[in-house]
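Given next are the chains, with one letter for each unit.
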Amino acid sequence: MCGRYFRQKEIVDLAAYFEVDTPLPNDAAPSWNVAPTQQAPVLRRNPQSGARHLDVLRWGLVPRWAKDASGAARLMNARADGIDTKPSFREAFLRRRCLVPADGFYEWRQEDGRKQPYAVALRLGQPMALAGLWEGWQQPDGTWLKTFSIVTTEANAKQALVHHRMPVILAREDWPLWLGEAEGDPRPLLRPSPAEDLACWPVGARVGKFTENDAGLIARDPAARPPPELDDPSPYEPR
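Residues numbered from 1 in each chain as written. Predicted model: local features only at pLDDT ≥ 70, side-chain atom pairs only at ≥ 80, totals over all residues. Heavy atoms only, no water.

## Some points on the state of the cysteines
No. 1: Tallied over the full model, the rule gives zero disulfides.
No. 2: Between Cys-98, a free cysteine, and Cys-2, which holds the nearest cysteine sulfur, the sulfur-to-sulfur gap is 13 Å. (Disulfide = S-S within 2.5 Å.)

Structure, rendered in structure tokens:
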């Protein structure tokens, strides 16, 4: 699963990295603890102009046919297996795929009777492009609520030491197909990223509280004793 992630880069830096030249949202401050039902920037392609847009949507997908938005948090993730047939996701998968910019995500591992949180990022420190789906739902007052879900797949060998699922991290060359800029079947893209691309390190328990939000959340937990496979140098620590 993917229940928390962090995005510490400024929106203008994300726009440059994702090749966005359209107006940017002004309510997309960095966050080190993005949680379901919170707002976050998402990269979408305008089907008429073909331009890439960064827009702020709410995490937790509300299907277009839903009677209300109460189940949004339960649809924070969309499992890759069966994504094209499940009623909650199949239309969004066909027509409304997006990228969710992140610098990394958190996951919890059972250790010595407690859960130890870990941060996971790309080893070189570049932004992640998480595969996502978005949807629009008309609220009772007539306005539209726009929401998104992060697609997950089975974990690679490294991530499986923490959790059996992980978000789909798309390589740059795969963005056009996922966004609908290129023709083809996007389902083969829904695979785990190579284990050697990831850095993983233990962080403090504060990240479990969604009210905590500062750069210290991604700092290494000095009291943790992780296995060697899960104690990589963080790409954000001074060398």
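Past the structure itself, the notes keep going.
## What to know about the pattern of salt bridges
No. 1: A full pass over the atoms with the stated rule returns 20 salt bridges.
No. 2: Its salt-bridge partner being Glu-91, residue Arg-96 comes within 3.1 Å of it at the nearest N-O pair.
No. 3: Of the charged contacts, one joins Arg-187 and Asp-185 as a salt bridge, the two residues approaching to 2.9 Å between their closest N and O atoms.
No. 4: With a relative accessible area of 38%, Asp-185 lands in the partly exposed category.
No. 5: Within this structure, Glu-19, Arg-52, Arg-172 and Glu-181 form a network of salt bridges that share partners. (Salt bridge = Lys/Arg side-chain N within 4 Å of Asp/Glu carboxyl O. Buried < 20%, exposed > 50% of the residue type's maximum accessible area, 1.4 Å probe, protein only.)

## Topic: the nonpolar core
No. 1: Among the nonpolar cores identified, the biggest contains 29 residues, and Leu-99, Leu-133, Val-151 and Trp-178 are the most heavily contacted of them.
No. 2: Within the residue set of this core, elements represented by two or more residues are α1 (11-17), α2 (90-95), β9 (128-138) and α3 (175-179).
No. 3: Looking at this core, the element that brings in the most residues is α3, giving four residues.
No. 4: Trp-59, Cys-98, Val-100 and Met-128 belong to the second largest nonpolar core, which has 26 residues in total. (Core = buried A, V, L, I, M, F, W, Y, C linked by side-chain atoms within 4.5 Å. Helix = DSSP H or I, 4+ residues; strand = E, 2+ residues; numbered from the N terminus.)

## Quick notes on the packing of aromatic side chains
No. 1: For the structure on display, the rule yields nine aromatic pairs.
No. 2: Ring pairing ties together the aromatic residues Phe-6, Tyr-106, Trp-201 and Tyr-236, which thus form one cluster.
No. 3: Above the face of the Tyr-17 ring, Arg-172 is positioned so that its terminal group lies 4.6 Å from the ring centre. (Phe/Tyr/Trp six-rings, centres within 6.5 Å; stacked < 30°, edge-to-face > 60°. Lys NZ or Arg CZ within 6 Å of the ring centre and 35° of its normal.)

## Comments concerning the sheet that holds strand β2 (residues 31-34)
No. 1: In space, the five strands of this open sheet follow the order β2-β1-β7-β8-β12, with antiparallel pairing throughout. Unpaired on one side and paired on the other, β2 and β12 (198-202) mark the two borders of the sheet. Adjacent strand axes in the sheet meet at a mean angle of 30 degrees when their direction is disregarded.
No. 2: Pairing analysis gives five bridges linking strand β8 (residues 114-122) to β12, with the strands arranged antiparallel. (Pairing = 2+ DSSP bridges. Axes fitted to C-alpha atoms, helices over the stretch in contact; angles between N-to-C directions.)

## Brief notes about the side chain of Glu-107
No. 1: Along the polypeptide, Glu-107 turns up in strand β7 (residues 104-111).
No. 2: The buried charged residue Glu-107 lacks any salt bridge, with Lys-115 as its nearest oppositely charged partner at 7.5 Å.
No. 3: Residues in contact with Glu-107, not counting those within four places in the same chain, are Met-1, Gln-116, Pro-117, Tyr-118, Gln-159, Val-162 and His-163. (Lys, Arg positive; Asp, Glu negative; His and termini not counted. Contact = heavy atoms within 4.5 Å.)

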